[in-house]
Amino acid sequence: MRVVHVMASAESGGGSSYLRELLPQLALLGVESELVTSRNGPLGPALADAGFKVRYLDLMGSRFSVRTVAELRSILMDRQPSLVHLHGTRAGLYGALAC
């Protein structure tokens, strides 16, 4: 199973901590996970250092960006995940429109 996780903000906090714990546990179960997030915090580099694929999008740059929706859609079409897990309201908006 392949899961793409989308989290707009990569800053330290509850969601970031959750993903740092979740992805390694999913890997133990054979789930292939990757993350799509912004560059505004330590989450992306931490998960990349742990061996997970991380792609960066400007999810926090403006209130709404059609270009970001298109870029996320392109990533999802390329990866063909079994599941897209959207973490937070901004990721939910972009992910829903991209899917």
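That block above? That's the structure.
To keep things clear, this report deals only with the structure shown in the data block. Note that this is a predicted model, so its numbers are computed, not measured.

### So, the sheet that holds strand β4 (residues 83-87)
If you walk across this open sheet you meet the four strands as β3-β2-β1-β4, and the pairing is parallel. At either end of the open sheet lies a strand with only one pairing partner, and these are β3 (53-56) and β4. Averaged over all pairs of adjacent strands, the angle between strand axes in this sheet comes to 20 degrees, irrespective of strand direction. The sheet contacts of helix α1 (residues 14-28) involve β1 (2-7), β2 (32-37) and β4, and relative to β1 the element is tilted by about 170 degrees.

### Considering the pattern of salt bridges
Using the criterion set out here, one finds six salt bridges in the structure. Residue arginine 55 is joined to aspartate 78 by a salt bridge in which the shortest nitrogen-to-oxygen separation is 3.1 Å. On the criterion of sequence distance, the pair formed by arginine 55 in strand β3 and aspartate 78 in helix α3 (residues 66-79) is long-range, its members being 23 residues apart.

### A closer look at the packing of aromatic side chains
Under the defined criterion, the tally for this structure stands at one aromatic pair. On the basis of an interplanar angle of 5 degrees and a centroid distance of 5.8 Å, the ring pair of phenylalanine 64 and tyrosine 94 is categorised as stacked. Linking phenylalanine 64 in the loop between β3 and α3 with tyrosine 94 in helix α4 (residues 89-98), this pair joins segments that are 30 residues apart in sequence. When its relative accessible area of 41% is taken as the criterion, phenylalanine 64 is described as partly exposed. Its relative accessible area of 0% is what places tyrosine 94 among the buried residues. A cation sits over an aromatic face here: arginine 39 above tyrosine 56, 4.0 Å from the ring centre.

Calculation notes
- Residues numbered from 1 in each chain as written.
- Predicted model: local features only at pLDDT ≥ 70, side-chain atom pairs only at ≥ 80, totals over all residues.
- Heavy atoms only, no water.
- Pairing = 2+ DSSP bridges.
- Helix = DSSP H or I, 4+ residues; strand = E, 2+ residues; numbered from the N terminus.
- Axes fitted to C-alpha atoms, helices over the stretch in contact; angles between N-to-C directions.
- Contact = heavy atoms within 4.5 Å.
- Salt bridge = Lys/Arg side-chain N within 4 Å of Asp/Glu carboxyl O.
- Phe/Tyr/Trp six-rings, centres within 6.5 Å; stacked < 30°, edge-to-face > 60°.
- Buried < 20%, exposed > 50% of the residue type's maximum accessible area, 1.4 Å probe, protein only.
- Lys NZ or Arg CZ within 6 Å of the ring centre and 35° of its normal.

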